[in-house]
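What follows is the residue order along each chain.
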Amino acid sequence: MITVNPDGKIMVRRCLVTLRPFRLFVLGIGFFSLCFLMTSLGSQFSARRPGDSPFTIRTEVLGGPESRGVLRKMSDLLELMVKRMDTLARLENGSELHRAAGDGHFAVDRFPPGAGLMERIQAIAQNVSDIAVKVDQILRHSLLLHSKVSEGRRDQCEAPSDPKFPDCSGKVEWMRARWTSDPCYAFFGVDGTECSFLTYLSEVEWFCPPLPWRNQTAAQMAPKPLPKVQAVFRSNLSHLLELMGSGKESLIFMKKRTKRLTAQWALAAQRLARKLGSVWRDQKQILVHIGFLTEESGDVFSPRVLKGGPLGEMVQWADILATLYVLGHGLRITVSLKELQSNLGVPPGRGNCPLAMPLPFDLIYTDYHGLQQMKQHMGLSFKQYRCRIRVIDTFGTEPAYNHEEYATLHGYRTNWGYWNLHPRQFMTMFPHTPDNSFMGFVSEELNETEKQLIKGGKASNMAVVYGKEASIWKGKEKFLGILNKYMEIHGTVYYESQRPPEVPAFVKNHGLLPQPEFQQLLRKAKLFIGFGFPYEGPAPLEAIANGCVFLQSRFSPPHSSLNHEFFRGKPTSREVFSQHPYAENFIGKPHVWTVDYNNSEEFEAAIKAIMRTQDFCAAPGPAPLGARAPPSPFVLAPNATHLEWAQNASLAPGAWPPAHSLRAWLATAGRACTDACLDHGLICEPSFFPFLNSQDAFQKLQVPCDSTESEMNHLYPAFAQPGRECFLQKEPLLFSCAGASAKYHRLCPCRDFRKGQVALCRDCL
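So, a few notes on the structure that sits alongside this text. (Residues numbered from 1 in each chain as written. Predicted model: local features only at pLDDT ≥ 70, side-chain atom pairs only at ≥ 80, totals over all residues. Heavy atoms only, no water.)

1. Brief notes about helix 11 (residues 312-326)
In this model, helix 11 (15 residues) spans 21 Å end to end at C-alpha, consistent with the 21 Å of a helix rising 1.5 Å per residue. Across the 15 residues of helix 11, 13 count as buried, placing the element largely inside the fold. (Helix = DSSP H or I, 4+ residues; strand = E, 2+ residues; numbered from the N terminus. Expected span 1.5 Å × (residues − 1). Buried < 20%, exposed > 50% of the residue type's maximum accessible area, 1.4 Å probe, protein only.)

2. Brief notes about the state of the cysteines
As used in these notes, a disulfide is a covalent bond between sulfur atoms, one from each of two cysteines. For the coordinates displayed, the defined rule picks out seven disulfides. Between the sulfur atoms of cysteine 168 and its disulfide partner cysteine 208 the distance amounts to 2.0 Å. Residues cysteine 168 and cysteine 208 share a disulfide whose torsion about the S-S bond is about 100 degrees; that sign makes it right-handed. A residue pair is termed long-range when its members are at least 10 positions apart, and cysteine 168 in helix 4 (residues 168-178) and cysteine 208 in the loop between helix 6 (194-204) and helix 7 (216-220) qualify at 40 residues. On the accessibility criterion, cysteine 208 (2% relative accessible area) is buried. Covalently, cysteine 677 is tied to cysteine 750 through a disulfide, its sulfur atoms 2.0 Å apart. (Disulfide = S-S within 2.5 Å.)

3. Focus: the sheet that holds strand 5 (residues 426-428)
Spatially, 2-1-3-4-5-6 is the arrangement adopted by the six strands of the open sheet, whose pairing is parallel. Each edge of the sheet is formed by a strand with only one pairing partner; in this case those strands are strand 2 (330-334) and strand 6 (437-438). Judged from the two bridges that link them, strand 4 (residues 389-392) and strand 5 form a sheet pairing that is parallel. Its bridge partner lying in strand 5, isoleucine 392 is registered against methionine 427. Helix-sheet contacts for helix 11 involve strand 1 (285-289), strand 2, strand 3 (363-366), strand 4 and strand 5, and the interaxial angle to strand 1 is about 170 degrees. (Pairing = 2+ DSSP bridges. Contact = heavy atoms within 4.5 Å. Axes fitted to C-alpha atoms, helices over the stretch in contact; angles between N-to-C directions.)

4. Focus: the environment of alanine 545
Examined against the element boundaries, alanine 545 turns out to sit in helix 20 (residues 539-545). Between the C-alpha atoms of alanine 545 and histidine 591, which are 46 residues apart in sequence, the distance is 9.8 Å.

5. Describing the environment of alanine 266
With respect to the helices and strands, alanine 266 occurs in helix 10 (residues 262-276). For the pair alanine 266 and phenylalanine 233, spaced 33 residues apart in the sequence, the C-alpha separation amounts to 9.0 Å.

6. Structural notes on the pattern of salt bridges
Following the criterion strictly, the structure yields 22 salt bridges and no others. A salt bridge links arginine 257 to aspartate 319; the shortest N-O distance between them is 3.0 Å. In this pair, arginine 257 sits in helix 9 (residues 249-260) while aspartate 319 sits in helix 11, placing the two residues 62 residues apart along the sequence. Here arginine 724 makes a salt bridge to aspartate 706, at a shortest N to O gap of 3.3 Å. Residue arginine 724 is located in the loop between strand 19 (718-720) and strand 20 (725-729), and its partner aspartate 706 is located in the loop between helix 25 (695-700) and strand 18 (707-711); the two are separated by 18 residues in the primary sequence. Three or more residues are tied together by salt bridges with common partners; here these are Glu173, Arg176 and Glu194. (Salt bridge = Lys/Arg side-chain N within 4 Å of Asp/Glu carboxyl O.)

7. Some remarks on the packing of helix 9 against helix 11
Contact geometry of helix 9 with helix 11 gives a least axis separation of 9 Å together with a crossing angle of 55 degrees. Comparing their axes, helix 11 and helix 9 come out oblique. Crossing geometry of helix 9 relative to helix 11 is assigned as right-handed. Together, Ser250, Phe253, Met254, Arg257 and Thr258 of helix 9 and Met314, Val315, Trp317, Ala318, Asp319, Leu321 and Ala322 of helix 11 make up the contact between the two elements. (Parallel < 35°, antiparallel > 145°, perpendicular 65-115°, else oblique. Left-handed = near helix turned anticlockwise from the far one by under 90°.)

Structure follows, in structure tokens:
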């Protein structure tokens, strides 16, 4: 620094202050150059495999002309930057020189610092240029090495012609053209080479045979199964409430229901524990993915929870979670697509690849939305693990709609069907069709003290309407007027500020009530009346359990996918003859009355009859259906009308329902097995179909079969009167209690049942 006079000092200091931002600018130039170099070359590096370091350079694809082109551009850019920086430095020093001369001073030794700075700039540029040259040398060496390796393996990386792997060549062709369409392929090590294609198709997927030069030890080593753990009953549900999460009104509703029923869950666990004693039960790891609550599916339910929307699905899901937890199983609960992907081990990408790890769950409970999400993101693993899936399906899926090929050929394909699952993997809220499993839900159990309190507190002339949304009340003024002559009518219709105009003035509307308060309202009421919608919800059974009579509308003609928008597209041909067919068929009078609301006289007569009935409390609740039983012999009944289980035949151990409950009837033409069995006071039992799927069954029923064919048809086994042809079922997945045709007399497997416990035969316990 020159210290000739104070002004000189100031002048030198100004020079240093001026150059400090310039130094920062130079440092930025160096950092930018390095980042640009790495970014430009990054696209030439192949995708990392799982476990690779972020800085691992794979030599298979390095050394192309693109890399050297990038280096040439880098060199030109560096030269241009040096020239511009030199010009800027000259201008900066020149401007300072003129200012000093104007003041009558001249600082001779100001230039050496500027000159030194330029040397440093040039040194940085030279270093970066040297790095680029060395990288270019590495790239050239890598290209040479890659060409030698590729030459050595060329014969070993050709798609083999192996009859055991007929799709291998086609899959390799597809990979050549489309491997960049999904990042998941790069995640598994695919880099565009033939060897990577074959490695992926033989070790990640299974379309090609293993490569002989690959180390097969790691690929063939399956993870050891975890040791079996005994499932222990749980009575404290605090951890379950934590697992259910929060943030959605639907989850809050489910948690409130579970918490309210905690004491009853604990009591149920104690009872079952005493009954089973020391029986060992394996603890299963279970993923529960509630797809309809995910944002990706729209989650239309959560915003409507506080506005009177349907709650039946959430009631069932809350009870499923509580059941699995109380039984002692390990649970993981997801309500978002991101959580689902994380728990399944979905690799990054668009869902075309299998899972990155073996499925860690024994069972997956989901719904149709979740099923679609899993199919989109699990790749081939969906087919591999689909036997572990259980679909909570409110209205059921019949076999004709479930079998993809058959549904497509015969016009049964819908937006919700064609999954090729076993029909028993679909689990319904009510036993719509015995082809599916009956999951059900929980109806509160009242003790004797509570029953007596309800009987004493019943109002003989109080009715509660089943319908929380104002739209359900529209057009119901006529029969509401009739009901108002005999009873005080209460409603629980949602509204924000003003009374809904659809609700008549003589109705006492409580607004949307919390579940405990709604239960108290039912315990006071004599009648719970439905308006035809919603279909088959849990509320009527809860009302019956609280001592109400349920009055509902009969549909004429019956509602189905052919004539009603609500059922259109659903994978079922079922005809619904009332708002709640289960309550009508399996509970009935005096608890359930089904009348034609369009017939004023019939409706009013039903009201009068209900007014005369005594108070009562009942809590019907179904039990799960069993699994398919093995084939066993049967005989013609003494009256020669149907087949029965032979008394001298041995029963297969573990068969459920017990085979001795079998009653096989030949239905009249045009009748479904569901209806044919009900005609005889029985229900259809699809697990018995394999017993009847034989020529012997037709012969013992004395059916004149001139010919017998085995084909795929959801109506078989059956007898066709014209031509006297008998048909057997070729595809077990198509055994179906539903479905009818005027051409066929269906051979139907029926069984008896306990009133109010349709899942159990009379001698099942």
